[in-house]
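# A structural walkthrough
In case you want the letters, here they are:
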Amino acid sequence: DGRRALVRLDAAWRQLERSMLLRVQTMRVLLWTVRARAMVAATQQDGDRTRLRAIAAIARRLEREGVDYCTAEASTLRAAIAHASGDDATAIARLARSEAIFTAQGLAPSAYAVQRARGVLLGGDEGARLVREADEFNAGQGVKRPDRVAAVFAPGFGPVPGTRALPPGR
């Protein structure tokens, strides 16, 4: 629930800043990424595209960290922006880039989440194969709902249970 997550993040953000946790790169990247993912999920839930600019700003922040996994996170966020804007070709290319970086960094859960998202966008036999591979990986990890795990690591690329899905480009 991206909207609810944003409310909680907004309520805690000032305290996080005062705690100086945002000065530690790992914490800063994790918290900004969670914030952006919540924005993507909230946008998918309610269709409020005014968040896309803020998501892009967080992607720029992550890119400035100069670390590969941050670059992959930023590329995933930019893919979500492209998809929400109706540009699935760009979204697919950005997801492929994210997947390659996450794989090279040994971050399998993230790699398979973006692979699954890419499969959803591609559709057809190739897309089904990508989704199946990602779901098989998650099943091997004991995950019962791989679609929900993917929605955490790569939100914005599938239906959100219990909400109206955001149609691309609207």
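Scroll up for the structure.
Read on for an overview of the structure.

Thresholds, definitions, all that
Residues numbered from 1 in each chain as written. Predicted model: local features only at pLDDT ≥ 70, side-chain atom pairs only at ≥ 80, totals over all residues. Heavy atoms only, no water. Core = buried A, V, L, I, M, F, W, Y, C linked by side-chain atoms within 4.5 Å. Buried < 20%, exposed > 50% of the residue type's maximum accessible area, 1.4 Å probe, protein only. Helix = DSSP H or I, 4+ residues; strand = E, 2+ residues; numbered from the N terminus. Contact = heavy atoms within 4.5 Å. Axes fitted to C-alpha atoms, helices over the stretch in contact; angles between N-to-C directions. Parallel < 35°, antiparallel > 145°, perpendicular 65-115°, else oblique. Left-handed = near helix turned anticlockwise from the far one by under 90°. Nonpolar A, V, L, I, M, F, W, Y, C, P; charged D, E, K, R; others polar. 1 Å grid on protein atoms, 1.4 Å probe; cavity = no way out; pocket = protein on both sides within 12 Å on 5 of 7 lines; lining within 4 Å. Points joined across faces, edges and corners; volume = space filled by probe spheres on them. Expected span 1.5 Å × (residues − 1). Arc of directions from axis to C-beta. Salt bridge = Lys/Arg side-chain N within 4 Å of Asp/Glu carboxyl O. Phe/Tyr/Trp six-rings, centres within 6.5 Å; stacked < 30°, edge-to-face > 60°. Lys NZ or Arg CZ within 6 Å of the ring centre and 35° of its normal.

Take the nonpolar core next. Core analysis: the biggest nonpolar cluster contains 41 residues, and W13, I55, I58, L62, L77, L95 and F157 have the highest contact counts within it. Among the elements that line this core, the one with the most residues is helix α4 (residues 68-84), at 9 residues. For I55, the residues in contact, after removing those within four places along its chain, are A36, M39, V40, T43, L77 and I81.

What follows covers the packing of helix α5 (residues 88-104) against helix α6 (residues 108-122). Between α5 and α6, whose axes approach to 8 Å, the crossing angle comes to 160 degrees. With respect to α6, the axis of α5 lies roughly antiparallel. Crossing handedness for the pair α5 and α6: left-handed. On α6, the residues that touch D88, A91, I92, L95, A96, S98, E99, F102 and T103 of α5 are S110, A111, V114, Q115, A117, R118, L121 and L122. Looking at the contact of α5 with α6 residue by residue, the class counts come to 10 nonpolar, 4 polar and 3 charged.

Time to look at empty space enclosed by the protein. Enumeration according to the criterion identifies 1 cavity of 30 Å³ or more in this entry. Approximately 40 Å³ is the volume found for the largest cavity. Residue lining of the largest cavity: R37, V40, E73, T76, L77, A80, F153, P155 and F157, and that is the complete set. For the lining of the largest cavity, the secondary-structure elements that each account for two or more residues are α2 (25-46) and α4.

Attention now moves to helix α7 (residues 124-140). Compared with an ideal rise of 1.5 Å per residue, which puts 17 residues at 24 Å, α7 spans 24 Å between its outermost C-alpha atoms and is within 8% of the ideal. Burial in α7 covers these residues: G127, L130, V131, A134, F137 and N138. For α7, the buried positions fall inside an angular range of 120 degrees around the axis, keeping them on one side. Seen from the buried face of α7, the exposed residues on the opposite side, beyond 90 degrees, are D125, E136 and G140. Contact partners of the buried residues in α7: α6 and α8 (146-153). Following α7 by one or two positions, G142 adopts a phi angle in the positive range, close to 85 degrees.

Turning to unusual backbone geometry, a few remarks are in order. One non-glycine residue with positive phi stands out, namely M20, at about 70 degrees. Its place among the elements puts M20 in the loop between α1 (2-19) and α2.

With that out of the way, let us pick up the pattern of salt bridges. Inspection of every chain in the model, using the stated rule, returns 11 salt bridges. D10 serves as the salt-bridge partner of R35, at 2.8 Å between the closest nitrogen and oxygen. With R35 in helix α2 and D10 in helix α1, this pair connects stretches of sequence that are 25 residues apart. For R35, a relative accessible area of 13% puts it in the buried group. Take D10: its relative accessible area is 44%, and that puts it in the partly exposed class.

Now for the packing of aromatic side chains. Per the counting criterion, the structure on display carries 2 aromatic pairs. Considering the side-chain rings of W13 and W32, the 4.9 Å spacing of their centres and the 65 degrees angle between planes classify their relative orientation as edge-to-face. Of this pair, W13 sits in helix α1 while W32 sits in helix α2; the two residues are 19 residues apart in sequence, bridging distant segments of the chain. For W32, a relative accessible area of 13% gives the class buried. With centroids separated by 4.3 Å and ring planes inclined at 15 degrees, the aromatic side chains of Y112 and F137 adopt a geometry described as stacked. In this pair, Y112 is assigned in helix α6 and F137 in helix α7, connecting sequence segments 25 residues apart. Residue classification places F137 among the buried positions, given a relative accessible area of 19%. Note that R35 overlies the ring of W13, its terminal NZ or CZ placed 4.5 Å from the centroid.

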